[in-house]
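Here's the letter readout for the chains.
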Amino acid sequence: MSSLEALAPHFEHLRALPAAERAAALANLPFDEAARARLARMLAADEDDDDALARVIAGSAAHASTPRSERLGPYRLLRELGAGGMGTVFLAERADGQFTRQVAIKLLRGFPTREASRRLRQERQILAGLDHPNIARLLDGGETADGQPWLAIEYVDGAPLLEHVARHAPSLRARLALFEAMLDAVAHAHRHLIVHRDIKPANVLVARDGTVKLLDFGIARLVEAGDASERETSTRVYSRGYASPEQLDGRAITTASDIYSLGVLLRELLTGRRDARDPAPPTLAPLPLDAELAGVLAKASAADPAQRYAGAAEFADDLRRYREGRPVHAARWTRRYRLRKFVARHRLAFAAGMFAAVVLAGFVWRIERERSRAVAAETAAQRALAAAERDAASARASLDFLSAAFAAAAPEHALSRQVSVRSLLDAARAQLATRTDPAVVKTMQRLLAHLYGDLGDVATGLELMRAGLDGVAPDERGEALRLAADYDQYASLLGLDGDGAGALEAAHTAQQWRERFAPGDPVEHVRSLTAMALGHHRSGDDATAITLLREAMTLADDTPALPLELYVEVAQTLSALLATSGDGEAAGAIAKRGLARVDAVRPPESPEHVMLLRAQANALGAEGNPAGAEKLLREAIALQDRVVASGGARMMELTNDLALVLNDLGRYREAAELLLASDRHMTGAGLAGAVDRALSHGNYAGVLESAGDYAAALEQFRVAMRILDEGGVSADHQSRRRIERSLARTLGLSGQHERALALLTDLRARSARIEGEESGEYAMLTWQLTLLARRMHRTDTGLPLLAEAERRWHALAPDDHPIFLHARRVRAAFALDRGDLAGAARELHAAVAGFEASGALPVDLAIARSELAEILLRQDRRDDARALLRQALPVLRASLLPGEVSRAAAERLAAHLGVAA
Amino acid sequence: MSDIPATAPATVDHELTCLIAAWRHGDTDAREALVQRVYANVRAIAAQSLRQMPGATLSATDLAHEALIRLLGADANWQDRRHFFHVAAQATRQVLVDAARRRLAGKRGGGAEHVELDAALGLADPDGDANLVRLDDALRDLYESDPRRAQIVELVYFGGLSRSEVAASLDVSEATVDRDLRLARAWLRSALDG
């Protein structure tokens, strides 16, 4: 028999021939009869569409037999309905004759461990709570004698979604109505924090009466619960064509993953294709998609979860608006974030210039249309407000939509030339130059200013905003409020540009418009106060910012109608500023009150709850309770990770906070690891502000210093200072001064005493001028000068400094604060310098006893003990010294790097005394 | 929604991972050891499924995937998965063929009554087992003369891999996979028909 290799080229050749010519060509081949017959059979087999191999394997693998009246719990299995990746489904009825209702029984595949079974039962309880007309109900569940889990589910007698659509070819309206019922079901489940995880047409049935029913809600999760794996990111159960990118990559699955699958399903429902680029013929008679619907689909199934609809309700809302012929909108509160994400993404494959110009023209026309609509409406005073607000929303939504539509259009229209987001914006700006209607031009300029600002091009954003605001004065309320929001943005841009005075002036203008057109409106007044406060904070004046925010907070507390996100912004900002200024108690009270207000209306996993939890944690940190802060931050991180996608700006902030708290707790290695993670979140979130980046490096340096790696810490400080210099951050800026203060401390520790002394002296003079000598900042700087004097063995300058530091701390901190125990350590060092062994021993004994009694940080206690050991050695009490050192060394070695001064001193002492560990 | 911190799946078989690594570095004995292990597991899964899920339909692809999940965990990396699927496809094939051979032996022996009942219910495919055994013979012959094409068939039909996965796994183009698959399929089918 000939080998396949010998026949292969002829097979390819003959396949390509028209059927009529094959016989002749075959006959001419130089093979024996058997080989020619084999080739003929191969060609015949190739023509046959039936996959005989698959059939043979499946026939042998499928051990089909009747269920043999198998009983599961109170149910009798009637027949098999189907089998899928998750198990087999049977039609069943109650065997005890109590009810005649038929149910579907699903036997899940997989063989769970005891622990997995427990979790599975737990999950089943949660799923049984889902009660919605468009969700097939989970009725019952249990396990077979062998431990195989099963579920009893409401039996739906109907057709799968696509089959239904193929058979009845419903209209666009009817298809959207079906889909909206599904969205309603998904929204219900998401409210119960249940993610479907496997939304696909096969999991949607249309019952005989036309009701849509979603099947298998959370079953994918159940199957995973039955698996021994405990991770949120299982790739185990999903359907390839519908699964979101995060699901395919094995990243965290959230409610946004369902939104993605719903977007793909809607596209298939309307066009018969899951992907616009799919060249295969559609599976259904396709309906034409207009640009708006294409935008909705693009937004729903965006690759980046943050760009999708925030929830099923928002998705449904946009479809409803579409059906009713109203402009579809994107929720205003996510606008800037999403735009920023959009432009920060990789260079998109935009359409070539021609196409871009067409869309832009349409975009400008659209704004013009919205504009004239608004002008017409303004004649009716009664309707002016609503119209203007809609106008503002839709003008901005068009910009949003432009983005989404481009992303959607890109793959199909991408020609050889690729246009970046930046060049698209530049084209829009050029387009503007050809327009003459000043109202349209200025509106566009202000919109583009927002975009350029988001792109990080502050200069162009400022230029456009300045032009867009120039000479514009509102003459009715809606326009004035919109303009005030633009002025707020202008203030923010100026602040970023380092023009603090200009920022305040812009915020002031916004306030004036609000006061003139919305006098006595508490919500608008809160907005003004917040913008002014941020302006002061940006220019480094936190005291005034706090005063303004306190006023805003009082007003907000008395205004139940205040939008929750505004309330949270005020509470969070005020709490953070108070905590930074050292008033942890007041900061904590505000965060606590805010949480009560948020929790009354939102579930505990809401972003607002997480933000205020963070505020509360930072307040505890400021109060000197890092353990409490750690607990709250871990809670916040878990919530954030669970409901919202992990990563991003907020995760960066939370990780950063936790790292600082762990640093305070003396767990330096953990802190350093977290900071590295935080840095990755920051890069991922596209944050690039000079102060933010410098603080991140400064924090990292601080942890390195705590762990004793001074060289690496100084290198990080050098980077931070360079970023601040390049960003033009002024010498009086609070963040800069905080970083410099840390730098001075590290310089002192690393032996560069003179440089440290110069820097600290200068910083203390600046603080006396800016905050005053009564401030915490001044006390901290005095303390650091004291420590430096100790390190330089300068008893003459050190003792007066120590006295002043203690006096200032007593005015600021309670008497049992650990700082006073540290003051004893310093006094002991000065005593030693003067040869007063007894005095040094007295102070250190008191410090050790104090640390022991107060449950202080283990590392603080260990350092004090090792210092006392040194004194005991000098007093020739070697055994006592050894005993103390044996207690101290393990803690020092676990927390500090070998180069850290305290550990290095202790190690020298240990070597001298012959203490191993 | 677990409050337990994320850990590696308890199902991960570290010995298996080591065997895969050894195989990847050219150790052919490691591959044999792998096949033996996976074979035992695939057979256990099939047996357990049939005992616990009367009426269940278990496809070759399900078996391979189930074995993967149980032995490597759902989060196994692509390299491990890729090597694993080669082994799992082979093991699944062996399990199915061995079962078919046993059933054929049973039919020739005392199981005639049961076979007839199944046939009457239209549930059994009396030729299916014989055909699978013949297919296995033909595939074994093909492995002798043309290992790559035989492997492609095995990965697609017994491992449940898509064409693009096969292409990535064997480091050839998708076009090559398509061409080879079409050719090998025609070859094997002509062997069954002949």
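These notes cover the structure that comes with them.

Cut-offs and rules
- Residues numbered from 1 in each chain as written.
- Chains lettered and ligands numbered in written order.
- Predicted model: local features only at pLDDT ≥ 70, side-chain atom pairs only at ≥ 80, totals over all residues.
- Heavy atoms only, no water.
- Core = buried A, V, L, I, M, F, W, Y, C linked by side-chain atoms within 4.5 Å.
- Buried < 20%, exposed > 50% of the residue type's maximum accessible area, 1.4 Å probe, protein only.
- Helix = DSSP H or I, 4+ residues; strand = E, 2+ residues; numbered from the N terminus.
- Contact = heavy atoms within 4.5 Å.
- Polar contact = N/O pair within 3.5 Å; in protein donor to acceptor, adjacent residues only side chain to side chain.
- Salt bridge = Lys/Arg side-chain N within 4 Å of Asp/Glu carboxyl O.
- Pairing = 2+ DSSP bridges.
- Axes fitted to C-alpha atoms, helices over the stretch in contact; angles between N-to-C directions.
- Phe/Tyr/Trp six-rings, centres within 6.5 Å; stacked < 30°, edge-to-face > 60°.
- Lys NZ or Arg CZ within 6 Å of the ring centre and 35° of its normal.

Quick notes on the nonpolar core
Residue and element names in this part refer to chain A. Residues Tyr-487, Tyr-490, Met-553, Leu-562, Leu-574 and Leu-578 are the most contacted members of the largest nonpolar core, which totals 75 residues. Tallying contributions element by element places helix H23 (residues 564-580) first for this core, with ten residues. Leave out the neighbours within four places in its chain, and Met-553 touches Tyr-567, Val-570, Ala-571, Leu-574, Ile-590 and Arg-593. The next biggest cluster of nonpolar side chains, apart from the first, holds 47 residues, and it includes Val-165, Phe-179, Val-204 and Val-206.

A short note on the side chain of A:Glu154
Residue and element names in this part refer to chain A. Relative to the helices and strands, Glu-154 resides in strand E6 (residues 149-154). Among the polar contacts listed, one links the side chain of Glu-154 to the side chain of Lys-213, at a separation of 3.0 Å. Apart from residues no more than four positions distant in its own chain, Glu-154 is found in contact with Ile-135, Ala-136, Arg-137, Leu-139 and Lys-213.

Considerations on the pattern of salt bridges
All names here are of chain A. One pass over the structure, following the stated rule, counts 48 salt bridges over all chains. Among the salt bridges present, the one from Arg-764 reaches Glu-804, with a minimum N-O distance of 3.5 Å. In this pair, Arg-764 sits in helix H32 (residues 753-770) while Glu-804 sits in helix H34 (residues 795-812), placing the two residues 40 residues apart along the sequence. Residues Arg-764 and Glu-804 agree in their burial class; the two are buried.

Comments concerning the sheet that holds strand E7 (residues 158-160) of chain A
Residue and element names in this part refer to chain A. Spatially, three strands are ordered E7-E8-E9 in an open sheet, and the strand pairing comes out antiparallel. Sheet topology places E7 and strand E9 (212-214) at the edges, where each strand pairs with a single neighbour. The sheet shows a mean angle of 30 degrees between the axes of neighbouring strands, direction not considered. In terms of strand pairing, strand E8 (residues 204-207) meets E9 through three bridges, oriented antiparallel. Each residue of the ladder has a partner; that of Val-206, found in E9, is Val-212. With respect to the sheet, helix H6 (residues 161-168) is in contact with E7 and E8, its orientation differing from that of E7 by roughly 100 degrees.

A word on the packing of aromatic side chains
All names here are of chain A. In this structure the tally under the stated criterion is five aromatic pairs over all chains. For the ring pair Tyr-487 and Tyr-490, a centre distance of 6.2 Å and an interplane angle of 65 degrees mean the geometry is edge-to-face. Residue Tyr-487 and its partner Tyr-490 are located together in helix H19 (residues 477-496), separated by three residues, close to a single helical turn. A single burial state applies to Tyr-487 and to Tyr-490, both of which are buried. Judged by centre distance (6.4 Å) and plane angle (45 degrees), the rings of Trp-513 and Phe-517 are tilted. One end of the pair is Trp-513 and the other is Phe-517, both in helix H20 (residues 500-517) and four residues apart, which spans about a single turn. Pairwise contacts between aromatic rings join Phe-179, Tyr-309 and Phe-315 into one cluster. One cation-aromatic arrangement involves Arg-597 over Tyr-567; the distance from NZ or CZ to the ring centre is 4.1 Å.

All we've got here are geometric facts, nothing functional implied.
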